[in-house]
Amino acid sequence: MLKKIIPVIALLLTAAVLLSGCSGGQKKYQATYLTLFDTVTTITGYGKSQQEFEEKAKDLHDSLLNYHRLFDIYHDYEGLNNLKTVNDAAGIRPVQVDDALIALLKDCREYFTLTGGRMNIAMGSVLKLWHEARTAGLSDPEHAALPDSAALSEAAKHTDINALIIDENAGTVYLSDPEMSLDVGAVAKGWALQKAVREAPEGLLISVGGNVFATGPKDSSGNGWVVGIRSPDGGEKYLHTLSVTGGSVVTSGDDQRCYTVDGKSYHHIIDPDTCFPGTLWRSVTVICPDSGLADALSTALFLLDREDGQALLDQCKAEAMWVPAEGGPLYSPGFKAHLTK
């Protein structure tokens, strides 16, 4: 979900020459932003000057910021009907929205069907309860608690994606269930990134909170970017590194957005069947040309057994690595071809 964000008055941008970076007379630069999707965004690439690189990075940032505001479920923005506007009007009236929001919601309905309901943006009422419990638990660990079971059961009654009514001719979105709310957090970053890079030049590596996308090789020689897959055990340990010349790498894991109750950790990837965090895997990493689809797949595969997950990958022509609770990683047939170590 798009979590509550601390307001940032000025654009937070750091652009610096990396000491190791030089290719064909161009230097390597990196820009870091803290203004998007409640996470750290970095853009890396080569350029003839810092100014040239900063212009490319700013264009990407501005595009992503527009999507961030559209998909925000916590904040209102003057003159903009966003996802919060839609949720606030549930059961009351249709809301006229930007074409990009309609496009996202249409794709999310397709992802729902594709994943057998594992990727369901209509889970907002359930996810809100977990978000509130996690926020309270992190603020006061001694009194951390799980969401009330009766409240979860009631919220689960309001997760039917068929209550999402999209009228493309009128440009409106309506939630016919007044207790329903949408949460696109499982796909928003990847989907927005996929759209934002359409106008981006080749040779950039973008990471939005770990959703990584390469717009092409890192240099004119066709060398790939090296992308690390971090261990779900945390720290700086990497399970593997990948060589990426284009497309996306997305990881979903139980080490992100978690909190502890009675000595047990609870993460943010909620299984629609149980309304509790999925327990089949520690993490799942997906390689896919489309960043939005990769985001949806990483969530779905985290909640599916390996056989069903592989069938889904085959259908989407994507690759994945699963990390189980015990034992080493498992791989789809073509995943290892991308490894550098």
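Residues numbered from 1 in each chain as written. Predicted model: local features only at pLDDT ≥ 70, side-chain atom pairs only at ≥ 80, totals over all residues. Heavy atoms only, no water.

J.: Just to check I follow, could you spell out the sheet that holds strand β5 (residues 164-167) for this structure?
T.: In sheet architecture, strand pairing relies on hydrogen bonds along the backbone and comes in two forms, parallel and antiparallel. The sheet built from 3 strands is open, its strands ordered β4-β6-β5 with antiparallel pairing. On the outer flanks of this sheet lie β4 (95-96) and β5, each paired with one strand and no other. Across the face of the sheet, helix α3 (residues 99-114) comes into contact with β5 and β6 (172-175) while running at roughly 130 degrees to β5. (Pairing = 2+ DSSP bridges. Helix = DSSP H or I, 4+ residues; strand = E, 2+ residues; numbered from the N terminus. Contact = heavy atoms within 4.5 Å. Axes fitted to C-alpha atoms, helices over the stretch in contact; angles between N-to-C directions.)

J.: Help me understand the packing of aromatic side chains, please; the structure alone is not making it clear to me.
T.: For any pair of aromatic rings, the description consists of the separation of the ring centres together with the inter-plane angle of the planes. One pass over the structure, following the stated rule, counts 10 aromatic pairs. Relative to Phe53, the ring of Tyr29 lies with its centre 5.7 Å away and its plane at 20 degrees, an arrangement referred to as stacked. One end of the pair, Tyr29, is in strand β2 (residues 26-36); the other, Phe53, is in helix α1 (residues 50-71), with 24 residues separating them in the sequence. Overall, Tyr29 belongs to the buried group, its relative accessible area being 4%. Residue Phe53 is classed as buried on the basis of its relative accessible area, which comes to 1%. For the pair Tyr67 and Trp191, a centre-to-centre distance of 5.9 Å together with 90 degrees between the ring planes defines the contact as edge-to-face. Placement of the pair is Tyr67 in helix α1 and Trp191 in helix α6 (residues 188-196), with a sequence separation of 124 residues. For the pair formed by Tyr67 and Trp191, the shared burial category is buried. Taken together, the ring pairs connect Trp130, Tyr259, Tyr266 and Phe276 into an aromatic cluster. (Phe/Tyr/Trp six-rings, centres within 6.5 Å; stacked < 30°, edge-to-face > 60°. Buried < 20%, exposed > 50% of the residue type's maximum accessible area, 1.4 Å probe, protein only.)

J.: Before we go on, may I ask you to explain the nonpolar core in this structure?
T.: One broad trend across soluble globular proteins is that nonpolar side chains are buried collectively. In terms of nonpolar packing, the biggest core is built from 73 residues, with Phe71, Leu105 and Leu164 touching the most fellow members. Trp225, Val227, Met321 and Tyr331 belong to the second largest nonpolar core, which has 15 residues in total. (Core = buried A, V, L, I, M, F, W, Y, C linked by side-chain atoms within 4.5 Å.)

J.: What am I meant to see in unusual backbone geometry here?
T.: A positive phi angle, close to 55 degrees, is found at Asp38, a residue other than glycine. Of note, Arg257 is a non-glycine position whose phi angle comes to about 50 degrees, a positive value. The residue Arg257 is located in the loop between β11 (247-253) and β12 (259-261) in this model. Classification of Arg257 as partly exposed rests on a relative accessible area of 26%.

J.: What is the right way to read the pattern of salt bridges from this model?
T.: Between side chains of opposite charge, a pair can form as their charged atoms come close. By the definition in use, this model includes 8 salt bridges. In this structure, the salt-bridge partner of Lys58 is Asp62, at a minimum N-O distance of 2.7 Å. In this pair, Lys58 and Asp62 are both assigned in helix α1, 4 residues apart and thus about one turn of the helix distant. Between Arg282 and Asp233 there is a salt bridge, with the nearest N and O atoms lying 3.1 Å from each other. Separated by 49 residues along the polypeptide, Arg282 in the loop between β15 (276-277) and β16 (283-288) and Asp233 in the loop between β9 (225-230) and β10 (238-244) bring together distant segments of the chain. The class for Asp233 is exposed, based on a relative accessible area of 60%. (Salt bridge = Lys/Arg side-chain N within 4 Å of Asp/Glu carboxyl O.)

J.: Which parts of the structure should I look at to understand α6?
T.: Within an α-helix, residues lying three or four positions from one another point in the same direction, as the helix has 3.6 residues per turn. Most of α6 is tucked away: 8 of the 9 residues are buried. Among the residues making up α6, those that are buried are Ala188, Lys189, Gly190, Trp191, Ala192, Leu193, Gln194 and Ala196. In the core, the buried residues of α6 are packed alongside β3 (39-47), α1, α3, β7 (204-208), β8 (211-214) and α7 (291-302).

J.: Would you mind going over the confidence of the model for the protein with me for this structure?
T.: Segments scoring low in pLDDT should not have their predicted coordinates read at a detailed level. Per-residue pLDDT for the protein averages 90, and the proportion of residues at 70 or more is 92%. A low-confidence stretch, residues 1-20 stays under pLDDT 50, and its non-local contacts, those more than four residues away or across chains, total 51 contacts. (pLDDT = per-residue confidence, 0-100.)

J.: Looking at this structure, how should I read the environment of Asp59?
T.: Positionally, Asp59 belongs in helix α1. Along the backbone, Asp59 and Thr285 are 226 residues apart, and their C-alpha atoms lie at a distance of 28 Å.

J.: Can you walk me through the pairing of β5 in this structure?
T.: Consecutive side chains of a regular strand alternate in pointing toward one face of the sheet and then the other. Here β5 shows one buried face, formed by Leu164 and Ile166, and one open face, formed by Ile165 and Asp167. With 4 bridges connecting them, β5 and β6 associate as antiparallel partners. In the sheet register, Ile165 faces β6, and the bridge partner there is Tyr174. Taking the residues that link successive antiparallel strands as the turn, the β5-β6 hairpin has 4 residues, and the phi of Gly171 there is positive, at about 70 degrees.

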